[in-house]
Amino acid sequence: LLNLRSMRARFSFFKAFTIILLVVAALGLPSCQQDELCEDLTENPLRAGFYRSTDDGSQLLAVDSITVYGLNRPNDSIYNNQLNVLRMELPLDPARDSSAFVLHFPEATDTIWLTYERTTILVSVECGFAMHFQIQEAHYTTNFIETLEISDSQVINTADEHLKIFIPFDPPMPDPEP
Amino acid sequence: MSISRYLFLLIPLCLTLSLKGLAAAPPDTVWRPSVTAGMEVTGLGRELLEPGSRQWEWSLSLEWREDWFATLEAGILNTGIERVTHNYFADGWFVRAGADYNLLKRDEKNLHDLVLLIFRYGYGRLNHESTRIMITDPYWGSYETALPQEGFQAHWLELGAGVKARIAGPLYMGWSIRTRLIVNRTQQLQMDPYQLGGYGRLENNPTVGIRYSLFFKFPV
């Protein structure tokens, strides 16, 4: 008899538990309206870090100052004389399969050309669409930059770093003006 | 979010384990085949979660031998989004076929409560398109494009657990948690569909989904 009562009590709990889950779900639905406001990231910039080569790999290195702008857009800076920069975010052009950036260091100026494949994605109802990029190639001048490495070719909505830009640890002094 | 999903997955497992031990030497009952029709009610709330999305899903289940249920589920999912910067339309359907196994031994006091292990094979297809896509970049400016209509299909497997309890007479309600894994899908696409009916958001594979259903058991 005790066993039956115990079983009955536990089955009542079982049914009550199911009902509670339904009620909680019903009450929770309005508070879960994630699409009412856009809270997702729709911009997916390329992230590049500055490094120096070491015997056992690489080490992050801050550049004293840098100015960055899109090629042929010198009056529209992405970074304007920014000091002590370890990493930077570069917006890739969503309308084209390539973007180019001019990096103006105190010592010299370099240009980076990036080619990529684009994929349109629907982020959410309210946020709308965003572009994901797959880096194909990177070309660059070597006035100040030593070398450049694609560490992650997928430029999507993550905080990953995509480019490693290697620069001299002990920057050479600029040539004296004649 | 993902942690809470997996916590939810523990609930049916704990229930399953705790209830399995309840059936200590129950008296035998006469078993008869039965047919149950169901409607998934989570789809009704989908419009609150995903404005512009509407999913309807029905099921038919036959208990062909004691504790074994052959189940067929089918439904549709329509998405229609219209905003200033974008629109998106998708129409699709899906079917799932598989079996449920009742872990809860029945006795004369509890003939109508079930704790189920769920196995499914799923197939879904849809057509989607967008005639207005605007992507705004603060540096490069706005980019406008469109997605011509394209088709998509996928096959997936489901494994899950659930409970079903009688409300009154032939009316039952139940919920289940299922893990879904896509095993084959259309690859060459201009854009992945926003979601696939019967599966959910495609960016997650595997994914976990919770379903609430109402059932009507036909007397046989």
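A short tour of the structure in this document, coming up. Residues take numbers from 1 onward in each chain, read along the sequence in its written order. Starting at A for chains and at 1 for ligands, labels are handed out in the order in which the entities are written. Totals for whole chains, interfaces and linings use every residue, but because this is a predicted model, local features are given only for residues with pLDDT of at least 70 and side-chain atom pairs only at 80 or more, for both listing and counting. For side-chain calculations, the full set of non-hydrogen atoms in the structure is used, while hydrogens and water are omitted.

### Overview of the overall build of chain A
Looking only at helices and strands, one finds one helix and eleven strands in chain A. When the helices and strands of chain A are read in sequence order from the N terminus, they spell out α-β-β-β-β-β-β-β-β-β-β-β. Each residue's exposure class comes from its accessible area (1.4 Å probe, protein chains only) as a fraction of the maximum for that residue type: buried when under 20%, exposed when over 50%, partly exposed otherwise. Each of the 178 residues in chain A was classed as buried or not, and the buried ones make up 39%. Put simply, of all contacts in chain A between residues at least 6 apart along the chain, 49% involve residues at least 24 apart. Only runs of H or I of at least four residues qualify as helices and only runs of E of at least two qualify as strands under DSSP, and these elements are numbered from the N terminus. The contact rule is simple, with two residues in contact once any of their heavy atoms fall within 4.5 Å.

### Considering the nonpolar core
Only buried Ala, Val, Leu, Ile, Met, Phe, Trp, Tyr and Cys residues count toward a nonpolar core, and they belong to the same one when joined by side-chain atoms within 4.5 Å. Formed by 46 residues in total, the largest nonpolar core has its most connected members in Phe50, Met88, Leu103 and Ile165 of chain A. Looking at which element gives the most residues to this core, the answer is strand β8 (residues 128–140) of chain A, with five residues. Residues contacting leucine 103 of chain A, with those up to four places away along its chain left out, are Phe50, Ile66, Thr67, Val68, Met88, Ala108, Thr109, Asp110, Ile112, Ile145 and Ile165 of chain A. The next biggest cluster of nonpolar side chains, apart from the first, holds ten residues, and it includes Phe152, Ala154, Tyr199 and Leu202 of chain B.

### Side note on the side chain of arginine 120 of chain B
Residues and elements named next belong to chain B. Relative to the elements of secondary structure, arginine 120 occurs in strand β5 (residues 114–137). Since its relative accessible area comes to 4%, arginine 120 is described here as buried. A distance of 3.2 Å separates polar atoms of two side chains, one belonging to arginine 120 and the other to glutamate 73. Filtering out sequence-adjacent residues up to four positions away, arginine 120 remains in contact with Thr71, Glu73, Arg96, Ala97, Gly98, Ala99, Asp100, Trp156, Leu157, Glu158 and Arg178. We define a polar contact as two N or O atoms separated by no more than 3.5 Å, with the added condition that, inside protein, one atom must be a possible hydrogen donor and the other a possible acceptor, whereas residues neighbouring each other in sequence contribute only through side-chain atom pairs.

### Some remarks on unusual backbone geometry
The residue after asparagine 205 of chain B, namely proline 206 of chain B, is reached through a cis peptide bond having omega 5 degrees. Among the secondary structure elements, proline 206 of chain B is positioned in the loop between β9 (200–201) and β10 (207–218). The phi torsion at asparagine 84 of chain A lies on the positive side, around 50 degrees, for a residue other than glycine. For asparagine 84 of chain A, the position within the fold is in strand β4 (residues 77–85). According to the relative accessible area criterion, asparagine 84 of chain A is exposed, its value standing at 56%. Residue aspartate 67 of chain B is not a glycine yet carries a positive backbone phi of 75 degrees. Within the secondary structure, aspartate 67 of chain B is located in the loop between β2 (53–65) and β3 (68–82).

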